[in-house]
Amino acid sequence: MNRKRAKFYIYFFLIFTLLFVTVSNDVQAAPSVSSQRAILMDQETGRILYEKDAHTQSRIASITKIMTAILAVESGKMDQEVTVSSNAAGTEGSSLYLKAGEKIKLEDLVYGLMLRSGNDAAVAIAEFVGGSLDGFVYMMNEKANEIGMENTHFSNPHGLDDHKDHYSTAYDMAILTRYSMENGEYKEIAGTKVHTAPNPEEKWDRKWKNKNRLLTELYKHSTGGKTGYTKLAKRTLVSTASKDGENLIAVTLNGPDDWNDHIGMFEYGFKNYDYKIALEKGKIEKMDDKVYKGHAYLKRESILTLTDEEVKEVKVEYKMLKPKKEWLKNQDVPEVVGKAIVYLGNEKVDTLPIYYEASSEEKKEKSWWKFWAYSFESIIGVKDNG
């Protein structure tokens, strides 16, 4: 009888423990996402906080226009007028209803591109900035290569399904958005709810409301993004959000419930992750070597996106150049004398150069020596052969 009762208690304890662990894990569980492919990325650090098949190449529809927009902004021609071609005016799909021959500021075209997803605006921008559609597509792919979009190929500036070799991934689109959001002008456009543009052909101005419902009505922390849809790509969405100084990027491809997918991912990110300073900038106190002690310093902080539990897993390794005797007298010390490597568990997550700073007396001595060295060179007429 006692043995049976003991077995019962052990069985009960195991079941209770299993349930407790399951519930505990659910509290920190990743969000439920309807989209076929998705990613949540921290905008500041680039860390992936959640992903679902994020590296598979897919059709992307109108989120293509993020690349079109950033290239237009970076062209430096935003205040110039664009003459709309018949080719641009006749573009199918979502439209600003531009007319062939009309003139419109490039800046207004980019607003119409991002807020109303005008395919006609995309072609007009491409022809103006790239000289031709082919020229602009070349620029798109060059920029993609430059910023590390390794699984992306662009064939048009709007994302229509007319090319099979027009594709990207959720991860690559997050990279593009992170890059674009560093540009203040792009950031302002992507986060605009309503834009008014002159319309010389009519008695009223054009007024465009952003199609991104996260920004306009659904999510108070939304800061911008771009919607997309075609029959083959289905619903695609890129969005950004900020809360308490934390900035996140979400991308979904083929997402039937993408608004809620993005809200769920953002809430997951804001709840579970925060910015933590792994290394402070300035003098490095943990230096035992007398050559480096009081001289080694960092020019920037190392900031990571971490959960509270992950803070314990952060480690720092210092790799320094082997000191030379003359360095004790501040002679021939290189500017960079080592590196600080930051690890999260066994993964290397950041590397910072370590600089050498001379003391005040050493700086004066060095300045004095430079003054006389330069004076001496001018007297004897030393020439630079470089």
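Refer to the structure above for everything that follows.
As the structure is a prediction and not an experimental result, all values here were calculated from the model.

On to the environment of Leu 115, then. When you line up the elements, Leu 115 lands in helix H4 (residues 106-116). Residue classification places Leu 115 among the buried residues on the basis of a relative accessible area of 1%. In sequence terms Leu 115 and Ala 190 are 75 residues apart; their C-alpha atoms lie 7.5 Å from each other. Ignoring any residue separated from it by four or fewer positions in sequence, one finds Leu 115 in contact with Ile 189, Thr 192, Lys 193, Val 194, His 195, Trp 208, Lys 209, Asn 210 and Lys 211.

Structurally, Asn 119 can be placed in helix H5 (residues 119-130). Exposure remark for Asn 119: the relative accessible area of 2% places this residue in the buried category. Residues in contact with Asn 119, not counting those within four places in the same chain, are Ser 62, Lys 65, Thr 91, Glu 92, Gly 93, Ser 94, Ser 95, His 158 and Leu 160.

A word on the packing of helix H2 (residues 65-74) against H4. The contact between H2 and H4 brings their axes to 10 Å, and the two run at 165°. Here H2 lies roughly antiparallel to H4, going by the angle between them. Where H2 crosses over H4, the handedness of that crossing is left-handed. Residues Lys 65, Ile 66, Thr 68, Ala 69 and Ala 72 of H2 form the contact with H4, whose participating residues are Leu 106, Val 110, Leu 113 and Met 114. Here the contact of H2 with H4 is composed, by residue class, of seven nonpolar, one polar and one charged.

Moving on: the pattern of salt bridges. This model, assessed by the stated rule, comprises 13 salt bridges. For the salt bridge of Lys 105 with Glu 107, the shortest nitrogen-to-oxygen distance reads 3.6 Å. A relative accessible area of 32% places Lys 105 in the partly exposed class. A salt bridge links Asp 258 to Arg 235; the shortest N-O distance between them is 2.9 Å. You can see Asp 258 sitting in helix H10 (residues 258-272) and its partner Arg 235 sitting in strand S8 (residues 234-243), a full 23 residues away along the chain. Counted as one network, the salt bridges with shared partners bring together Glu 74, Lys 143 and Glu 146.

Conventions used here
Residues numbered from 1 in each chain as written. Predicted model: local features only at pLDDT ≥ 70, side-chain atom pairs only at ≥ 80, totals over all residues. Heavy atoms only, no water. Helix = DSSP H or I, 4+ residues; strand = E, 2+ residues; numbered from the N terminus. Buried < 20%, exposed > 50% of the residue type's maximum accessible area, 1.4 Å probe, protein only. Contact = heavy atoms within 4.5 Å. Axes fitted to C-alpha atoms, helices over the stretch in contact; angles between N-to-C directions. Parallel < 35°, antiparallel > 145°, perpendicular 65-115°, else oblique. Left-handed = near helix turned anticlockwise from the far one by under 90°. Nonpolar A, V, L, I, M, F, W, Y, C, P; charged D, E, K, R; others polar. Salt bridge = Lys/Arg side-chain N within 4 Å of Asp/Glu carboxyl O.

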